[in-house]
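Residue-level structural notes
Chain by chain, the residues run as shown.
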Amino acid sequence: MNSCPFCGAREVGRIGRERYYCRDCCHEWTKGGGEVKIYEVMSDGSVEPLITECEPISRVVSRPEVRRAG
């Protein structure tokens, strides 16, 4: 993946099979099965899934509206 689906930054790294990290907005995401899931990295290093309300990930141009799951 060449850019972050959350903020659009190109400073991304791969941290596992189909798991990525954005150095600009500090979010992680996974991709698989035609779906991208975005996670917020918490201060203790754990991750919490985000619920995004946006167009399909290939059409994201600007930062989507986000709220925490749960």
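What counts, and where the lines are drawn
- Residues numbered from 1 in each chain as written.
- Predicted model: local features only at pLDDT ≥ 70, side-chain atom pairs only at ≥ 80, totals over all residues.
- Heavy atoms only, no water.
- Salt bridge = Lys/Arg side-chain N within 4 Å of Asp/Glu carboxyl O.
- Buried < 20%, exposed > 50% of the residue type's maximum accessible area, 1.4 Å probe, protein only.
- Core = buried A, V, L, I, M, F, W, Y, C linked by side-chain atoms within 4.5 Å.
- Contact = heavy atoms within 4.5 Å.
- Pairing = 2+ DSSP bridges.
- Helix = DSSP H or I, 4+ residues; strand = E, 2+ residues; numbered from the N terminus.
- Phe/Tyr/Trp six-rings, centres within 6.5 Å; stacked < 30°, edge-to-face > 60°.
- Lys NZ or Arg CZ within 6 Å of the ring centre and 35° of its normal.
- Disulfide = S-S within 2.5 Å.

**Observations regarding the pattern of salt bridges**
Taken as a whole and judged by the stated rule, the model has two salt bridges. With a shortest N-O distance of 2.9 Å, glutamate 28 and arginine 19 are connected by a salt bridge. For lysine 37, the salt bridge is made with glutamate 35, and the minimal N-O distance between the two is 3.6 Å. Exposure remark for lysine 37: the relative accessible area of 43% places this residue in the partly exposed category.

**Overview of the nonpolar core**
Counting residues in hydrophobic clusters, the biggest one holds 10 residues: Cys4, Phe6, Ala9, Val12, Tyr20, Cys22, Cys25, Trp29, Ile38 and Leu50. Apart from residues no more than four positions distant in its own chain, cysteine 25 is found in contact with Cys4, Phe6 and Cys7.

**Details of the pairing of strand S1 (residues 12–16)**
As paired strands, S1 and strand S2 (residues 19–22) are joined by four bridges and run antiparallel to one another. Bridging across to S2, glycine 13 finds its partner in tyrosine 21. Taking the residues that link successive antiparallel strands as the turn, the S1-S2 hairpin has two residues, and the phi of glutamate 18 there is positive, at about 60 degrees.

**Considerations on the pairing of strand S3 (residues 27–32)**
Sheet analysis places S2 next to S3, joined by three bridges and oriented antiparallel. In the strand pairing of S3, arginine 19 is matched with threonine 30. Hairpin connection from S2 to S3: four residues lie between these consecutive antiparallel strands, with cysteine 26 at a positive phi of about 60 degrees. Remark: two residues form the turn of the hairpin made by S3 and strand S4 (residues 35–41), two consecutive strands paired antiparallel; glycine 33 in that turn has positive phi of roughly 60 degrees.

**Brief notes about the packing of aromatic side chains**
Scanning the model with the defined rule gives one aromatic pair in all. On the numbers, 5.8 Å between centres and 20 degrees between planes, the contact of tyrosine 20 with tryptophan 29 is stacked. Classification of tryptophan 29 by relative accessible area gives buried; the value is 0%. The residue whose ring lies beneath arginine 19 is tyrosine 39, and the NZ or CZ to ring-centre distance is 5.0 Å.

**Section: the state of the cysteines**
Applying the stated rule across the entire model yields zero disulfides. For cysteine 4, which is in no disulfide, the shortest distance to another cysteine sulfur is to cysteine 25 and amounts to 3.7 Å. No disulfide involves cysteine 25; its nearest neighbouring cysteine sulfur is the one of cysteine 22, lying 3.7 Å away.

So far we have only geometry, and geometry alone does not tell us how the molecule works.
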